[in-house]
Each structure stands twice: as structure tokens, then as C-alpha cells.
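Inside the fold
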Number of protein chains: 2
Amino acid sequence: MFGLKLLEERIISQGQVIGDDILKVDMFLNHRIDVELLGKMGEEFHRLFAGRGINKIVTVEASGIGIACITAQYFSVPVVFAKKGAHRNCNDEKYIADVFSFTKNETTTIGISKPYLGPEDKVLIIDDFLADGNACLGLISLCEQAGATVAGIGIAIEKGFQAGRRKLLERGYDLHSLAVIKSIAGGRIEFDDAE
Amino acid sequence: MFGLKLLEERIISQGQVIGDDILKVDMFLNHRIDVELLGKMGEEFHRLFAGRGINKIVTVEASGIGIACITAQYFSVPVVFAKKGAHRNCNDEKYIADVFSFTKNETTTIGISKPYLGPEDKVLIIDDFLADGNACLGLISLCEQAGATVAGIGIAIEKGFQAGRRKLLERGYDLHSLAVIKSIAGGRIEFDDAE
């Protein structure tokens, strides 16, 4: 398996490395969103996960929503995004999970209202980043609580030097990341093309 | 101008009225996202705002992102979404505005980092809801600070019984809402097709 070269090129040309472990891709993914690039990524996720009976894409607000919606068009399925925190007009019962965010250095509770996820669902989890894997494990937990099947996990950018991949593979999940970063030490971005 | 009938039908069949003023559309727009419906909405926004030289779509996280991304595909332009609150790996200088949320009953600061919006931009503002107009005025303020031109405002669902429309029209903005709700009193949803 190889990464999506287009995405790797974009990370090299427009990504910003901050310190030893933060990669900022606000130019095309997390603040400004290049929907044409997202289209190529969605097409690739479809190629990787087609034929598995996926009937729902699950992600978490906010950065996952764009890539999840554009990918969902290729599968002709709806998206459900987990919400962070509590909300006045959300008084349904929810599935909830606590997620520690490495970037924000805080724990957030994410939730999906029960009517929107259930045992009939074969889910593709989509997210923009995989680092320590906590957001992904939180989404898996919501799916498990709902009795839904996680048919695959599609990540835009994986920090291969953190523990997320190992945690997900240990649990037997089928993970594909479009770009896997081996190292950003010293501000130099190196990819692992051997996924 | 008339609303998008498909959206009105969906609001009737799947919207939930809570109290006298909250309409919850978590089934297709704000939690579960029907990307096929969003495609029809994006197509309609393109029909309404084509030919104005729009080169950027601006929205606010989180619920605006899906509709903005899908609409952006029809215009072949990028999306920039305003972020809420502060964030560890966002240390660029930002344009910021305070927005009072009727639904959450609280004021949030929204911001767009300066590199992502500027005087060269002709912006279509897209959002899921228009009620009192505060989120929209916040986005307009960010555009003004950046020297960008607001070429149009496209709203999925407008609560026509609140003050948003008046505030935006008074300032001369070109506003189109795909569905305008006249009343939800007593749990009965009535549309205003006379926009």
C-alpha cells in the first residue's frame, strides 16, 4: 500500500511543522479546505474500502466533517459526526466517550445521539489525523455501544511515529492512511511509504 | 424566489420542533448529514450565486462545514471555516468576532487566521441556519476586517420569524435561504414561499 502522492506533495509544500510533534495543515485541510484535494482523497478511500457493505461514515467534529462528507458522496451513504460537549437542543439519549486530545492537552466528551447509529450500521470511520489514536478509539467505542460494525478506518494524515496505528491494529481494525509521516523532527517531514 | 421543495419536505418529515423557537434537523443536517440532499442544496446555491466571481466560501464550524464543502464543489473554490475559541496549534494572527448563540445562550469568539482571507476574496457566506443573524454578522465582520467582499449569503434554513433577514437586508447583503420558516408555533411548521 502506498500513500496518496498528491496529499504527500501538499503536506511538503504547505504543511507547517511546529516543535517536534505538531504538523499544521491549515492551508488545505483544517482551516482552509481544498475540496478538490478532498475529492481525490474521497475517491481513494472508496477504492480502498469499496465492497464492504459500508452504509454510514462516522467522524468527529469539526475537522473530520469536510473529508467525511466528500468521501460519503463516493459511497452514497450518510455521515454522522460525533459532537463535542453538551448542547441545549440535544436532549436525546447519546452514546458517549471521553477523548484525550494531544493537540489541545485536554479531555473532551464526544457523543452520538442514539437514533443515528445502531446494529444495522457497517461503519467507515474517517478522520483527518491519527496520532495517539484516542479520537479514533472514542469513535470505535461509540460504534461498539451502538452495536454497529466498524468495517474500516480511513485517515488522511497519520503520524506514524505515535502510537495510534499500533493500538488500532492490535484490536484487529483495518486501517488505511493516505499519508503516513515517519518523522517531523527538526522540521523535516519524512513519509513512510511502506504502509 | 421559492424555497427548495425537497428541503422543505425533509424539514416537515424529519424536523423536530422543541418549544416555540427551536427546530432540530439532526436527522439530515446537524448530526446525521444526508450528503445527497446537501448536493441538491449546493447545486441550488450555485444556480443562485453563479457568475459573481466568487472565489471562496466562508462558514463557521461545525454544522456549516458539510454544506459549505459540498457547495464549494459546484463553484470549484476552497472553503475557509471560522474556528471557535482558542487552539494550541493556531498561533497565527487572526481576524476575530464575538457571536452570541441563541441556541446555546452564550457568546463565542470566532476567528479566521489572516493568511486565509484577504482583499482578493469574493466570498459566498454559507451557513446551515439563519435566526437572529449573529453568526452571519460575525462572519461578515471577519470578511470586512480582511478587506474581502461579501458577494452573497446562502442559508439552508431561515427562521423568518426572527430578526436575521432584516439585519442583513438593511446592510444591503444579497441573501438567499433555501427554506424560510414562517412559524413553528405549537409544533406546526409553516413555510414562507414568498422570499
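1. Structural notes on the overall build of chain A
Check the secondary structure of chain A and you find five helices and eleven strands. For 195 residues, the compact-globule estimate of 2.2 N^0.38 gives 16 Å, and the C-alpha radius of gyration of chain A, at 16 Å, lies within 12% of that figure. In terms of its C-alpha atoms, chain A occupies a principal-axis envelope of roughly 45 × 35 × 35 Å. Relative to its full complement of 195 residues, chain A shows a buried share of 57%. Contacts spanning at least 24 positions in sequence make up 61% of the contacts within chain A whose residues lie at least 6 apart. Within the structure as shown, chain A displays about 7,700 Å² of accessible surface, and the carbon and sulfur contribution to it stands at 47%. Between the mean site of the 22 positive side-chain charges and the mean site of the 27 negative ones, chain A shows a separation of 2 Å.

2. Topic: the relation of the copies chain A and chain B
By a simple turn and slide, chain A fits onto chain B: the slide is 0.0 Å along the axis, the RMSD is 0.0 Å, and the turn is 180 degrees. Read as a symmetry element, the transformation amounts to a two-fold axis. When the interface residues of chain A are mapped onto chain B, 100% of them again fall at the interface, so both copies present the same face.

3. Things to note about the confidence of the model for chain A
With 94% of its residues at a pLDDT of 70 or more, chain A shows a mean pLDDT of 93. Here the complex is predicted with pTM 0.94, and the ipTM for its interfaces comes to 0.94.

4. Focus on the interface of chain A and chain B
With 39 residues of chain A in contact, the opposing surface of chain B contributes 40 residues. Between chain A and chain B, the buried area comes to about 3,700 Å², and carbon and sulfur atoms account for 59% of it. At the surface where chain A touches chain B, the tally comes to two salt bridges. Residue A:D26 pairs with B:K83 through a salt bridge whose shortest N-O separation is 3.8 Å. For the pair chain A and chain B, the number of links is nine residue pairs in polar contact (both at pLDDT 80 or more). Those elements giving two or more residues to the side of chain A that touches chain B turn out to be β1 (16–18), β2 (22–24), β3 (32–33), α3 (63–75), β5 (79–84) and β7 (106–113) of chain A. If one sorts the elements of the side of chain A that touches chain B by residue count, α3(A) sits on top with six residues. Residues of the side of chain A that touches chain B, tallied by class, amount to 19 nonpolar, eleven polar and nine charged. One ladder, built from two bridges, connects β5(A) with strand β3 (residues 32–33) of chain B; its direction is antiparallel. Across the sheet, the residue bridging to A:V79 is B:I33, located in β3(B).

5. Thoughts on the side chain of B:D128
With respect to the element layout, B:D128 can be found in strand β8 (residues 122–130). Buried charged residue B:D128 carries no salt bridge. Nearest counter-charge: A:K83, at 8.1 Å. There is a polar contact of 2.8 Å between the side chain of B:D128 and the side chain of B:N30. Not counting chain neighbours up to four residues away, the residues in contact with B:D128 comprise B:L29, B:N30, B:S63, B:I155, B:A156 and B:I157.

6. Some points on the packing of aromatic side chains
Enumeration according to the criterion identifies zero aromatic pairs over all chains in this entry. In this structure, A:R10 is placed above the aromatic ring of A:F28, and the distance from its NZ or CZ to the ring centre is 5.8 Å.

7. Details of the environment of B:A163
Turning to its location among the elements, B:A163 is positioned in the loop between β9 (149–159) and α5 (164–170). On the accessibility criterion, B:A163 (21% relative accessible area) is partly exposed.

8. Focus: unusual backbone geometry
Residue and element names in this part refer to chain A. A62 follows E61 through a cis peptide bond whose omega is 0 degrees. Position of A62 relative to the elements: it lies in the loop between β4 (56–60) and α3. At S76, a residue that is not glycine, the phi angle is positive and equals roughly 50 degrees. Given a relative accessible area of 66%, S76 falls into the exposed group.

9. Considering the pairing of strand β5 (residues 79–84) of chain B
Two faces, one strand: in a regular strand the side chains alternate between the faces of the sheet. Residue and element names in this part refer to chain B. The buried fraction of β5 amounts to five of the six residues, a majority that puts the element mostly inside the structure. Sheet analysis places strand β4 (residues 56–60) next to β5, joined by four bridges and oriented parallel. Counted as the bridge partner of T59 is F81 from β5. Handedness of the β-α-β unit built from β4, helix α3 (residues 63–75) and β5 comes out right-handed. Note that β5 and strand β7 (residues 106–113) share two bridges and pair antiparallel. Among the inter-strand pairings, K84 is bridged to a residue of β7, identified as I110.

About the cut-offs
- As a convention, each chain's residues are numbered from 1 in the sequence order in which they are written.
- Chain labels run from A onward and ligand labels from 1 onward, assigned in the order the entries are written.
- The predicted origin of the model limits local features to residues at a pLDDT of at least 70 and limits the giving and counting of side-chain atom pairs to 80 or more, whereas totals for whole chains, interfaces and linings rest on all residues.
- In computing side-chain values, all of the structure's heavy atoms are included and hydrogens and water are not.
- Working definition: helices are DSSP H or I runs of at least four residues, strands are E runs of at least two. Numbering for both runs from the N terminus.
- We compute the radius of gyration over the C-alpha atoms and compare it with the globule rule, which gives 2.2 Å times the number of residues raised to the power 0.38.
- Remark: exposure states derive from per-residue accessible area (1.4 Å probe, protein chains only) relative to the maximum for the residue type, with buried under 20%, exposed over 50%, and partly exposed in between.
- Residues are treated as being in contact if the distance between any of their heavy atoms lies within 4.5 Å.
- Reported accessibility uses the Shrake-Rupley method at a 1.4 Å probe radius. Residues are deemed covered only where the shown protein chains occlude them.
- In summary, the charge assignment counts Lys and Arg as positive and Asp and Glu as negative, without counting His or the chain termini.
- Charge positions are represented by NZ for Lys, CZ for Arg, CG for Asp and CD for Glu.
- Superposing the copies works by least squares over the C-alpha atoms of residues that have pLDDT at least 70 in both of them.
- Confidence scores here are pLDDT values: one per residue, from the predictor, ranging 0 to 100.
- Throughout, buried area stands for the accessible area (probe radius 1.4 Å) lost by two parts on being put together, summed over both.
- Any carboxyl oxygen of Asp or Glu within 4 Å of a side-chain nitrogen of Lys or Arg constitutes a salt bridge here.
- Any N or O atom pair separated by 3.5 Å or less is treated as a polar contact, with the protein-specific requirement of one donor-capable and one acceptor-capable atom, and with residues adjacent in sequence counted only for side-chain atom pairs.
- Gly counts as polar in this scheme, as do all residues outside two lists: the nonpolar Ala, Val, Leu, Ile, Met, Phe, Trp, Tyr, Cys and Pro, and the charged Asp, Glu, Lys and Arg.
- Between any two strands, at least two bridges found by DSSP are needed for them to pair.
- Side-chain rings of Phe, Tyr and Trp (the six-membered ring for Trp) are treated as a pair once their centres are within 6.5 Å; stacked means planes under 30 degrees apart, edge-to-face means over 60, and tilted covers the remaining angles.
- For a ring to carry a charge above it, either NZ of a lysine or CZ of an arginine must fall within 6 Å of the ring centroid while also lying within 35 degrees of the normal to the ring plane.
- A clockwise path from the first strand over the helix to the second, with the strands pointing away from the viewer, defines a right-handed crossover.

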